[in-house]
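# Examining the three-dimensional arrangement
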Amino acid sequence: MKVVVGVDDSEYAGAAIRHVAAATWPASTRFIVVSIYTWPVLVGGEEGTAVIVEKLLGEREKQARKIAEDAAAELRKAGLKAEARVGSGDPRFILVDTA
């Protein structure tokens, strides 16, 4: 069985991971922990904007990766098979596509 768990930096995501870690699962169950970052909303097109956007996206991806990795590590610590993934875009579509 494959279980997809979407996480962010909220207390609710942390509670979901703790619940998953405490539950009993079939031995073949594997967990895919996904953290998704979105593109910033920008107004205007001033010179240098592309560099700022690239830097911002890099920071958001790094933060999302840490969130996913930390959550997957918590599941592995509980003896579960878990991998971390990061996505960019609309979480609704990314989570469904991952499943």
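To be clear, the structure that these remarks concern was listed above.
Throughout this document, residue positions are counted from 1 along each chain, in the order its sequence is written. Residues qualify for local features only when their pLDDT is at least 70, as the model is predicted, and side-chain atom pairs are given and counted only at 80 or more; totals for whole chains, interfaces and linings, by contrast, use all residues. The basis for every side-chain value is the complete set of heavy atoms in the structure, and neither hydrogens nor water enter the calculation.

## Points about helix 1 (residues 11-22)
- Strands are runs of DSSP state E lasting at least 2 residues, helices are runs of H or I lasting at least 4, and numbering of each runs from the N terminus. Any helix carries an expected span of 1.5 Å times its number of residues minus one. For helix 1, which comprises 12 residues, the first-to-last C-alpha distance of 16 Å matches the rise-based estimate of 16 Å (1.5 Å per residue) to within 8%.
- Think of it in three bands: residues with accessible area under 20% of the maximum for their type are buried, residues over 50% are exposed, and the middle band is partly exposed, with areas taken using a 1.4 Å probe on protein chains only. Taken residue by residue, helix 1 has Ala 13, Ile 17, Val 20 and Ala 21 as its buried positions. All buried residues of helix 1 lie within an arc of 100 degrees about the axis, which places them on one face of the element. Facing away from the buried surface of helix 1 by more than 90 degrees, the exposed residues are Glu 11, Tyr 12, His 19 and Ala 22. Regarding the arc, it is the one traced by the directions from the helix axis to the C-beta atoms.

## Topic: the pattern of salt bridges
- Put simply, a salt bridge is a Lys or Arg side-chain nitrogen that is within 4 Å of an Asp or Glu carboxyl oxygen. For the structure on display, the rule yields five salt bridges.
- In this structure, Glu 83 and Arg 30 form a salt bridge, with 3.4 Å as the shortest nitrogen-oxygen distance. Placement of Glu 83 in strand 3 (residues 81-88) and of Arg 30 in strand 2 (residues 30-37) is noted, with a sequence separation of 53 residues between them.
- Accessibility expressed as a relative area gives 30% for Glu 83, which makes it partly exposed.
- One salt bridge connects Glu 83 with Arg 85, and the closest N-O pair in it is separated by 2.9 Å.
- Assessed through its relative accessible area of 33%, Arg 85 is described here as partly exposed.
- The network of salt bridges with shared partners includes Arg 30, Glu 83 and Arg 85.

## Some details on the packing of aromatic side chains
- Ring pairs shown here join Phe, Tyr and Trp side chains whose ring centres sit within 6.5 Å, with only the six-membered ring taken for Trp; geometry is labelled stacked below 30 degrees between planes, edge-to-face above 60, and tilted in between. Throughout the structure, instances matching the rule amount to one aromatic pair.
- Judged by centre distance (5.1 Å) and plane angle (85 degrees), the rings of Trp 25 and Phe 31 are edge-to-face.

## Quick word on the pairing of strand 1 (residues 2-7)
- Along strand 1, the buried face is formed by Val 3, Val 5 and Val 7; none of Lys 2, Val 4 and Gly 6, which line the opposite face, is buried.
- Considered for its hand, the β-α-β crossover made up of strand 1, helix 1 and strand 2 is right-handed. The path from the first strand over the helix to the second decides the hand: if it runs clockwise while the strands point away from the viewer, the crossover is right-handed.

## Digging into the side chain of Ser 35
- Here Ser 35 lies in strand 2.
- Counting of polar contacts relies on pairs of N or O atoms within 3.5 Å, with two restrictions inside protein: one atom must be capable of donating a hydrogen and the other of accepting it, and residues adjacent in sequence are counted only when both atoms are side-chain atoms. Within the structure, the side chain of Ser 35 is placed 3.4 Å from the backbone oxygen of Ala 64, a separation counted as a polar contact.
- Contacts are residue-level and defined by heavy atoms, with any inter-residue pair within 4.5 Å sufficient. Contact partners of Ser 35, with chain neighbours within four places excluded, come to Val 7, Ala 64, Ile 67, Ala 68, Arg 85, Val 86 and Gly 87.

## Some points on the pairing of strand 2
- Counting buried residues in strand 2 gives seven out of eight residues, a clear majority hidden from the surface.
- The pairing of strand 1 with strand 2 spans six bridges and is parallel. Along strand 2, the bridge assignment pairs Gly 6 with Val 34.
- At least two DSSP bridges between two strands are needed for those strands to be called paired. Relative to strand 3, strand 2 is paired through eight bridges, and the arrangement is parallel. Note on strand 3: the bridge partner recorded for Val 33 is Ala 84.

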